[in-house]
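Structural features, examined
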Amino acid sequence: MGGDRPVSRPVPRRAGRAAGPVRASAGLGALVVLLGATALVAGCVPTSPDDQTTDVDVARYRALAADPWLAATDLAPGKWLLGTDREFTGGTASFVRTVTGSVRDVLVTEADAAARAGWTVVGARCPGDDLWSTWAHAVSVRVARALDDGSAAFATFGVAGDDPAVGVDDEGATRTVRGLAGVAHHTAPDDDVPEAVDLAAALDTLSCLGGDGGVAVGDVVGDPEGGR
Amino acid sequence: MTAARRRGTTLPAASRIGAGLVGALVVSLLGGCGDDVGARDLADALSAQAWPGGEAELGVTPGGRTYPRPAVTRATPVTQAPWQAVADEVARAVDAGWVPVFAQCTGPRDSVRVDLVRPLEVGGRTTVAAATVATGLEWADLENGRDPSDDVVLSVQAVAPAPQDLDDDALLPAALRAVPDAVDASACLDGPPADDGRTWVGEPAALPPLGGPLPR
């Protein structure tokens, strides 16, 4: 009996002594795995680049923010596209407001005002399924102006959100005008201001406004929703 | 005895010096804390203004070093003409100490927009808040399916700079770096604007509720 005790007691004692190092090494292993996983995840998830927004982007942002025709209510400087491997977007500005008149008059009114702030009409086009969102359902006009640093800002505006029952020629209709402007990110090549287009002649040409031309006149290349 | 006297005189002196250093450190730390202005402080300062009233909120940011600015926002349908609705609201703002710095309008039934600014005292520092009063901006958010031509919706948005803007004012409108002189907005507010094209006076001062990223 007395001989059983030394046999029976040391077993748990040995097991107890062994459990310490096992738990410790298991904990250490878990910690190493955790640290490794953290390092891997940190390495996989891109963080915002230090140069995502520079003084160049700030200057272009300020130019859009100070534009009295745009009078933008939504503004953002050029920045990194979240989660990407160094993909960037230029600064943007947008506005929404109401103007009374036919679609043609409203567009001309806005273009005239834009011209007083230094913008030049460079193109116009009809709605189309190939366009994203807003401009898929609106006649849009594209304007551009040179910024102080030699790059170009672009803006696209059009009548959006109209009641479909209101005709484009109804001069008493109050219409919602939406505009989006954009400037190049500092990492992108600068654009030149394209050749000017006579808006009245362009609108006469557009098939969606009764003209016998095509659906687009002048510079309508690029993503009008982004403004550039 | 000499050593004891020396100890008796030098140790209290060292203690006093140590206590003085600790006290100076604590005071400087507290002083530093006093100068720190947090987003909640700025939100509280904006909420405390008599106009536009309401609790300033901080939005959620999508990341990428963008940051929320405290903002009070409201949009209400009104029965007046756009110019009249904006004129009434701007008059209330001016009574509360706001200064109009930009106005833009077109015809008598069209959108009117006025930007205002005012100093904001926060934690011993002075910054400038911005507000935009406008019609025609928010109709889609009020009720889907309504004909926007039948609605006049008055939108008010007042925004205070974020703490990040206090450290670097690069993304603040020029009017927020110092309160400028008031502009004469009478062309848009004293009666129906002439239907002769879009007009404006001053420079826009709208401050988006989402700021950044700032240059590093």
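Quick caveat: nothing in here was measured; it's all calculated off a predicted structure.

Scoring rules and cut-offs
Residues numbered from 1 in each chain as written. Chains lettered and ligands numbered in written order. Predicted model: local features only at pLDDT ≥ 70, side-chain atom pairs only at ≥ 80, totals over all residues. Heavy atoms only, no water. Core = buried A, V, L, I, M, F, W, Y, C linked by side-chain atoms within 4.5 Å. Buried < 20%, exposed > 50% of the residue type's maximum accessible area, 1.4 Å probe, protein only. Helix = DSSP H or I, 4+ residues; strand = E, 2+ residues; numbered from the N terminus. Pairing = 2+ DSSP bridges. Axes fitted to C-alpha atoms, helices over the stretch in contact; angles between N-to-C directions. Contact = heavy atoms within 4.5 Å. Buried area = accessible area lost by both parts, 1.4 Å probe. Salt bridge = Lys/Arg side-chain N within 4 Å of Asp/Glu carboxyl O. Phe/Tyr/Trp six-rings, centres within 6.5 Å; stacked < 30°, edge-to-face > 60°. Lys NZ or Arg CZ within 6 Å of the ring centre and 35° of its normal.

**Focus: the nonpolar core**
Counting 43 residues, the largest nonpolar core has Trp-69, Leu-70 and Trp-119 of chain A as its most contacted members. Mapped by element, the contributors of at least two residues to this core are helix H3 (55-65), strand S4 (92-100), helix H4 (103-116), strand S5 (120-125), strand S6 (140-146), strand S7 (152-159), strand S8 (174-183) and helix H5 (199-205) of chain A. Formed by 33 residues, the second largest nonpolar core is a distinct cluster that contains Cys-105, Leu-154, Val-156 and Cys-188 of chain B.

**Points about the sheet that holds S4 of chain A**
All names here are of chain A. If you walk across this open sheet you meet the 7 strands as S1-S4-S8-S7-S6-S5-S9, and the pairing is antiparallel. Two strands bound the open sheet, and with one partner strand each, they are strand S1 (74-76) and strand S9 (216-218). Averaged over all pairs of adjacent strands, the angle between strand axes in this sheet comes to 20°, irrespective of strand direction. Pairing of S7 with S8, which is carried by 7 bridges, proceeds in the antiparallel orientation. Paired with Gly-158 across the two strands is Arg-178, which belongs to S8. In the packing of H4 onto the sheet, contacts are made with S4, S5, S6, S7 and S8, and the angle to S7 comes to roughly 155°.

**Thoughts on unusual backbone geometry**
Residues and elements named next belong to chain B. A cis amide bond links Trp-51 with the next residue in sequence, Pro-52, at an omega value of 5°. Within the element layout of this structure, Pro-52 appears in the loop between helix H2 (39-47) and strand S1 (67-68). Cis rather than trans, the peptide bond between Gly-212 and Pro-213 has omega equal to 0°. Within the secondary structure, Pro-213 is located in the segment after strand S8 (210-211).

**Let's talk about the interface of chain A and chain B**
Between chain A and chain B, the residue contacts involve 38 residues of the former and 36 residues of the latter. Summing the contributions of chain A and of chain B, the shared interface buries around 3100 Å²; its carbon and sulfur component is 52%. Of all residues in chain A, the largest losses of buried area upon contact with chain B belong to Pro-68, Thr-73 and Thr-98 of chain A, amounting jointly to 15% of the total for that side. Connecting chain A to chain B are 2 salt bridges. Note that Glu-110 of chain A is salt-bridged to Arg-198 of chain B, the shortest N-O span being 3.0 Å.

**Brief notes about the sheet that holds strand S2 (residues 71-77) of chain B**
Residue and element names in this part refer to chain B. Strand order in the open sheet made by the 6 strands is S2-S6-S5-S4-S3-S7, with antiparallel pairing throughout. Both outer strands of the open sheet, S2 and strand S7 (199-202), are each paired with one neighbouring strand and no more. Strand-to-strand, the axes of this sheet are offset by a mean angle of 15°, without reference to chain direction. Along the sheet face, helix H3 (residues 82-95) touches S2, strand S3 (99-105), strand S4 (112-122), strand S5 (125-135) and strand S6 (153-159) and points at about 15° away from the line of S4.

**Notes on the packing of aromatic side chains**
Going through the model one piece at a time under the given rule, you end up with 4 aromatic pairs over all chains. Between Trp-69 of chain A and Phe-157 of chain A, the ring centres sit 5.6 Å apart and the planes meet at 75°, which makes this aromatic pair edge-to-face. Of this pair, Trp-69 of chain A sits in the loop between H3 and S1 while Phe-157 of chain A sits in strand S7; the two residues are 88 residues apart in sequence, bridging distant segments of the chain. When its relative accessible area of 0% is taken as the criterion, Trp-69 of chain A is described as buried. Relative accessible area serves as the criterion here: at 0%, Phe-157 of chain A is assigned to the buried category. When the centroid spacing of 5.3 Å and the interplanar angle of 75° are considered together, the rings of Trp-51 of chain B and Trp-98 of chain B count as edge-to-face. Pair noted here: Trp-51 of chain B is in the loop between H2 and S1 and Trp-98 of chain B is in the loop between H3 and S3, with a separation of 47 residues, a long-range link. Accessibility classification places Trp-51 of chain B together with Trp-98 of chain B in one group, the buried group. Aromatic rings pair up to connect Trp-69, Phe-95, Trp-119 and Phe-157 of chain A into one cluster. The ring of Phe-95 of chain A has Arg-97 of chain A lying over it, and the distance from NZ or CZ to the ring centre is 3.6 Å.

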